[in-house]
Amino acid sequence: MHAINNKSLVSFMVSDREEGLAVYNPATQELLGYVPVSTEQEISDKVSRAHSAQKDWSKLAGKQRSEILQRWFQLIIEYQNDLAHLLTLEQGKPLAESKAEVFYGASFIEWFAEEAKRSYGETIPAPTPSKRMLTIKQPVGVACAITPWNFPIAMITRKAAPALAAGCSFIVKPSELTPLSAFAIAELAYQAGVPQDILQVVVGNSAEEVGRIFTSHPLIRKLSFTGSTRVGRILMRQSAEGIKRTSLELGGNAPFIVFDDADIDAAVEGAIASKFRNAGQTCICANRFYVHSKVYDEFIAKFDTAVNQLKLGNGLEEGVNIGPLITPQAKQNIEALIESALKQGAKKVSTQKPQKGQFLLPVILRDVTQSMDIVSQEIFGPVAPVIAFENEQQLIGMANDTIHGLAAYFFTNNISRVWKVAEALEYGMVGINDSMISSEVAPFGGIKQSGIGREGARQGMDEYMDIKYLCFGGL
Ligand code: SIN
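Residues numbered from 1 in each chain as written. Predicted model: local features only at pLDDT ≥ 70, side-chain atom pairs only at ≥ 80, totals over all residues. Heavy atoms only, no water.

Identification of the chain as NAD-dependent succinate-semialdehyde dehydrogenase from Vibrio zhanjiangensis is taken from an unreviewed UniProt entry. UniProt annotates the chain under Sequence similarities (unreviewed entry) with the comment "Belongs to the aldehyde dehydrogenase family." (UniProt positions renumbered as here; feature names shortened; annotations may be inferred.)

For the chain, the helix and strand inventory stands at 16 helices and 18 strands. Over its C-alpha trace the chain gives a radius of gyration of 23 Å, about what one expects of a compact globule, namely 23 Å for 475 residues. When each of the 475 residues of the chain is scored for burial, the buried share is 55%. Accessible surface, the chain as shown: approximately 19600 Å² in total, 52% of it carbon and sulfur. Charged side chains in the chain number 46 positive and 51 negative. The centres of these two groups are separated by 5 Å. (Helix = DSSP H or I, 4+ residues; strand = E, 2+ residues; numbered from the N terminus. Rg over C-alpha atoms; globule rule 2.2 N^0.38 Å. Buried < 20%, exposed > 50% of the residue type's maximum accessible area, 1.4 Å probe, protein only. Areas by Shrake-Rupley, 256 points an atom, 1.4 Å probe, with all protein chains shown as cover. Lys, Arg positive; Asp, Glu negative; His and termini not counted. Charge placed at Lys NZ, Arg CZ, Asp CG, Glu CD.)

Here we take up helix α11 (residues 296-308). In a regular helix each residue adds 1.5 Å, so 13 residues correspond to 18 Å; α11 covers 18 Å between its end C-alpha atoms and thus fits that length. Buried residues of α11: Tyr296, Phe299, Ile300, Phe303, Asp304 and Val307, and no others. In an axial view of α11, the angular spread of the buried residues amounts to 130°, which keeps them on one side of the axis. For α11, the elements touching its buried residues are β10 (254-258), α10 (264-276), β11 (286-292), β13 (363-366) and β14 (383-389). (Expected span 1.5 Å × (residues − 1). Arc of directions from axis to C-beta. Contact = heavy atoms within 4.5 Å.)

Moving on, we get to the sheet that holds strand β4 (residues 132-139). With antiparallel pairing, the three strands of this open sheet are ordered in space as β3-β4-β18. The outermost strands of the open sheet, each flanked by one partner alone, are β3 (122-124) and β18 (465-472). Here the strands of the sheet are splayed against their neighbours by 25° on average, with no regard to which way each runs. Of the pairings in the sheet, the one linking β3 to β4 comprises three bridges and is antiparallel in character. Bridge pairing in β4 places Thr123 opposite Leu134. (Pairing = 2+ DSSP bridges. Axes fitted to C-alpha atoms, helices over the stretch in contact; angles between N-to-C directions.)

Attention shifts here to the environment of Asp263. With respect to the helices and strands, the residue Asp263 is situated in the loop between β10 and α10. Linking Asp263 and Phe411, residues 148 residues apart in sequence, is a C-alpha distance of 7.3 Å. A distance of 3.1 Å separates a polar side-chain atom of Asp263 from the backbone nitrogen of Asp265. (Polar contact = N/O pair within 3.5 Å; in protein donor to acceptor, adjacent residues only side chain to side chain.)

Here the focus is the packing of helix α5 (residues 95-115) against helix α6 (residues 154-166). Packed helices, taken two at a time, are described by their axes: the angle between them and the distance between them. Relative to each other, α5 and α6 sit at 10°, their axes nearing to 8 Å. In terms of their interaxial angle, α5 and α6 are classed as roughly parallel. Contact residues: α5 offers Glu101, Tyr104, Gly105, Phe108, Ile109 and Phe112, while α6 offers Ala154, Met155, Thr157, Arg158, Ala161, Pro162 and Ala165. Here the residues of the contact of α5 with α6 are counted per class, giving nine nonpolar, two polar and two charged. (Parallel < 35°, antiparallel > 145°, perpendicular 65-115°, else oblique. Nonpolar A, V, L, I, M, F, W, Y, C, P; charged D, E, K, R; others polar.)

We now examine the site of the ligand. Contacts to the ligand come from Tyr104, Asn150, Phe151, Met155, Arg158, Arg277, Thr282, Cys283, Ile284, Ser438 and Phe444. Contact distances for the ligand include 2.7 Å between an oxygen atom and a side-chain N or O atom of Tyr104. A distance of 3.0 Å is found between an oxygen atom of the ligand and a side-chain nitrogen or oxygen belonging to Asn150. Considering the ligand on its own, with 250 Å² of exposed area, one finds that the protein chains cover 100% of that surface. Looking at the shell around the ligand residue by residue, the classes come out as six nonpolar, three polar and two charged. Mapping the shell around the ligand onto the domain boundaries places at least three of its residues in each of domain 1 (7-251 + 449-471) and domain 2 (254-403 + 407-439). (Near = heavy atom within 4 Å. Domains from an automatic or database assignment.)

Overall, the coordinates contain 25 salt bridges when judged by the stated rule. One salt bridge in this structure joins Glu455 and Arg158, with 2.9 Å as the shortest N-O distance. Here Glu455 is found in the loop between β17 (451-452) and α16 (459-462), whereas its partner Arg158 is found in helix α6, with 297 residues between them in sequence. Three or more residues joined by partner-sharing salt bridges are found here, namely Asp260, Asp261, Lys294, Glu392, Arg417 and Lys420. (Salt bridge = Lys/Arg side-chain N within 4 Å of Asp/Glu carboxyl O.)

Let us now look at the domain arrangement of the chain. Looking at the chain, the domain boundaries give domain 1 (7-251 + 449-471) and domain 2 (254-403 + 407-439). Using only C-alpha atoms to locate each centre, domain 1 and domain 2 end up separated by 31 Å. Listed per partner, the contact involves 28 residues of domain 1 and 25 residues of domain 2. Of the roughly 2000 Å² buried at the junction of domain 1 and domain 2 (both faces included), carbon and sulfur atoms supply 61%. (Buried area = accessible area lost by both parts, 1.4 Å probe.)

Our next topic: the packing of aromatic side chains. Applying the stated rule across the entire model yields eleven aromatic pairs. Ring centres of Phe256 and Phe289 lie 5.0 Å apart, and the angle between their planes is 40°; on these two criteria the pair is classed as tilted. Here Phe256, found in strand β10, pairs with Phe289, found in strand β11; they are 33 residues apart in sequence, far enough to count as distant. Phe289 carries the same exposure label as Phe256, and that label is buried. Ring centres 6.1 Å apart and planes at 35° place the aromatic pair Phe256 and Tyr409 in the tilted group. Of this pair, Phe256 sits in strand β10 while Tyr409 sits in strand β15 (residues 407-411), placing them 153 residues apart in sequence. The buried category is assigned to Tyr409, whose relative accessible area is 1%. Connected via pairs of aromatic rings, a cluster forms that spans Phe256, Phe276, Phe289, Phe299, Phe303, Tyr409 and Phe411. Over the ring of Phe151 we find Lys93; its NZ or CZ atom is 3.9 Å from the centre of that ring. Lying over the aromatic face of Phe444, Arg158 brings its terminal NZ or CZ to 3.8 Å of the ring centre. (Phe/Tyr/Trp six-rings, centres within 6.5 Å; stacked < 30°, edge-to-face > 60°. Lys NZ or Arg CZ within 6 Å of the ring centre and 35° of its normal.)

Have a look at this one:
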């Protein structure tokens, strides 16, 4: 393995210079280090440099950009252990999940390295003999992104790789809670040959300030955001003034449905994987469970047995499945939702001892009803509210009763039900007898107030390209 300046990637990133933004470990609250903070003027200068550099970058052949992205992919794989370690330090997720995220993040770079060679336009049969018509695709220009703390690597590469493949320059503001991984993967991109002005990481004085610059700067043509629906609305409103293109991957409230004809063991396995990945801190994780009344008790008993085997702790420790929540505030919000559900009549399936620090043991709630706050709100934590249902029509009504439309899951062995329910669910992504749906080859994104646009897949690069129509006359 290379070392950067003869240091491991972790020690390279975790500088002890006491200036800039301090980054803490959510498992131990220890200070990890600092990252540089840019002023408004410095960010504006970075945008100007990104704008100038983009001209040359877009002139490279797709194959040349592809080769650079391939090298970036290779370097991330080479540094997988360092990156995973850094990710667990600043984000808290178990090391095995961090490794999975490094691969998941790298997969977008590999995928879009291939797609860089395939940004096809089309020829259009003209309506008159004297004309020829066709389209070409061109990069939008400077693209910027605001990314969240729950997947500090993958949510950046899922945006940066298509942007760079398309020929855009790209500026990202990572979450202030997890910026170290962002600077680390950017460092590897530079080693791979990505010019420094083509990929930039910025942290500003505040998230609001950077959001305002990104949405108002005249040289920025595109904003991609992953985060809450509330912030997405603000950024979309701000982007309206300059008619900037936006891609928004926002909050979810995924229903996880178990029909009475489902394989209950498979449903429990799917439920564990979806609900407790990243301690329940994902936009697509199961937020509310709907289980047919005939299998309600059986599902809860098996789910509870599986949940009781999960080990909570510092993600660096062997065998840990659930790490800390990202902040003390996150823990308080989730505890308040549990309290309110209990007051409204829900019951805990097992009794948990209170945990210190930012840790929260998984909770299953039974006797939950549709009107409870915990059902309408995004929990973003290891809590599984379970509602009983009687029939398909009632179920579809409850499952779609939300402003969100990101992901949904259902388990059944009835093939005709598979099609009917898949079509009736108002969500951008539906897992059928499967809860691990994320992949670089499939379009990730939501409908309703869960967002606009798709990431990954062949559609992902179109978000960073304009279609230009060429009409040849007088032939
Ligand atoms: C998210 O839902 O927060 C992203 C998860 C993923 O890409 O799998």
